[in-house]
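The chain contents come next:
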Amino acid sequence: MMTSIFRTVGLVTALFCLSVHAAYAADEHVTVSGKPAVRVATYKDVAHFYERFEKFPAAAREGISLHFTGELLPDHELPSKARLVIHSKQGDIPLFFGTDREMHFPRTVQLVAENPPILQTESIGHNVRTELSLRVEVPQGDRFTGVQARYWLAQTNACIRDLTGVILSWFMPDAHRLKIDLAPGARFEAVTSGHVIMLANNEGKEPMTVLLRPQDYPEDTIFRSSKSFPQVRVRIPGDAYLTFTPDR
């Protein structure tokens, strides 16, 4: 059985001030229902990111939440194919389901105390990479203003300054872009003083993600969709990824 390391890169170590390495003894073996499995992390390795986020200043994280979106590398397949599970005493808890790419990480006092391993039980030899993002609340559901967008970016930059200090933050990239998810059939527009610019049109059957740099538009611009946004996220600057990688 292979030992494992939970690797973080880029902004993960800078923004969250973490360098997480969960190494285990070479003679430790884990099996699940007779299937081969590799240990890729522990519960606390992942929980620590949520805990660190919750230590951000309240004003900096008001209306935003931390999320992880995964893919199975190298072919960018659904992460559920790897069947990552929290191997707890009460049974295995999957982190991904079906076609949903978002990681569903349960947070309980019992799991913190137990700190069970996280195992990869399928697609051995392939890695699950998850992207960190900050999801924002859109009060009106289908629109937001340039002022709101700039405020969300400022919140993220405040988190960076809080964790790295003012001096170090001068050398850190600021957050400049939003990741906008559009529902199938939705039109995304920017409206400034009555002038309408088409930004994107999702003609597919699945949600589509587009990048938006709010600073390219006046503050009084209204960004609107013909359907409610499935989600709006701040793109964290840098390589904000967590990769579940068994040790080779």
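Just above, that's the structure.
Procedures and definitions
- Residues numbered from 1 in each chain as written.
- Predicted model: local features only at pLDDT ≥ 70, side-chain atom pairs only at ≥ 80, totals over all residues.
- Heavy atoms only, no water.
- Core = buried A, V, L, I, M, F, W, Y, C linked by side-chain atoms within 4.5 Å.
- Buried < 20%, exposed > 50% of the residue type's maximum accessible area, 1.4 Å probe, protein only.
- Helix = DSSP H or I, 4+ residues; strand = E, 2+ residues; numbered from the N terminus.
- Contact = heavy atoms within 4.5 Å.
- Pairing = 2+ DSSP bridges.
- 1 Å grid on protein atoms, 1.4 Å probe; cavity = no way out; pocket = protein on both sides within 12 Å on 5 of 7 lines; lining within 4 Å.
- Points joined across faces, edges and corners; volume = space filled by probe spheres on them.
- Nonpolar A, V, L, I, M, F, W, Y, C, P; charged D, E, K, R; others polar.
- Axes fitted to C-alpha atoms, helices over the stretch in contact; angles between N-to-C directions.

This paragraph deals with the nonpolar core. Residues Phe 105, Phe 144, Leu 178 and Ile 180 are the most contacted members of the largest nonpolar core, which totals 52 residues. Broken down by element, the residue count for this core peaks at six residues, all from helix H2 (residues 43-53). Apart from residues no more than four positions distant in its own chain, Ile 180 is found in contact with Phe 144, Phe 188, Met 208, Thr 209, Val 210, Leu 212, Phe 229, Gln 231 and Val 232.

Moving on, we get to the pairing of strand S2 (residues 38-42). Along S2, five of the five residues are buried, which leaves the element largely enclosed by surrounding structure. Looking at chain direction, S2 and strand S6 (residues 117-120) are connected through four bridges and run antiparallel. Paired with Arg 39 across the bridge in S6 is Leu 119.

A separate point is the layout of surface pockets. Of the voids in this model, the largest pocket is the one considered here, and its volume is about 560 Å³. Around the largest pocket sit 23 residues that line it, and Thr 69, Arg 101, Asp 181, Thr 209 and Arg 233 are the ones nearest its centre. When residues of the lining of the largest pocket are traced back to their parent elements, those giving at least two are strand S3 (64-73), strand S7 (127-136), strand S9 (178-182), strand S12 (208-212) and strand S14 (231-234). Looking at the lining of the largest pocket, the element that brings in the most residues is S7, giving five residues. Split into classes, the residues belonging to the lining of the largest pocket amount to four nonpolar, eight polar and eleven charged.

What follows is about the sheet that holds strand S13 (residues 222-225). Strand order across the open sheet formed by four strands is S8-S13-S10-S11, with antiparallel pairing between neighbours. Whereas interior strands pair on both sides, the edge strands pair on one side only; in this sheet they are strand S8 (143-145) and strand S11 (195-201). Strand-to-strand twist of the sheet, defined as the mean angle between neighbouring strand axes without regard to direction, takes the value 20°. Across three bridges, S8 lies against S13 in antiparallel orientation. If you follow Thr 145 over to S13, its bridge partner there is Ile 222.

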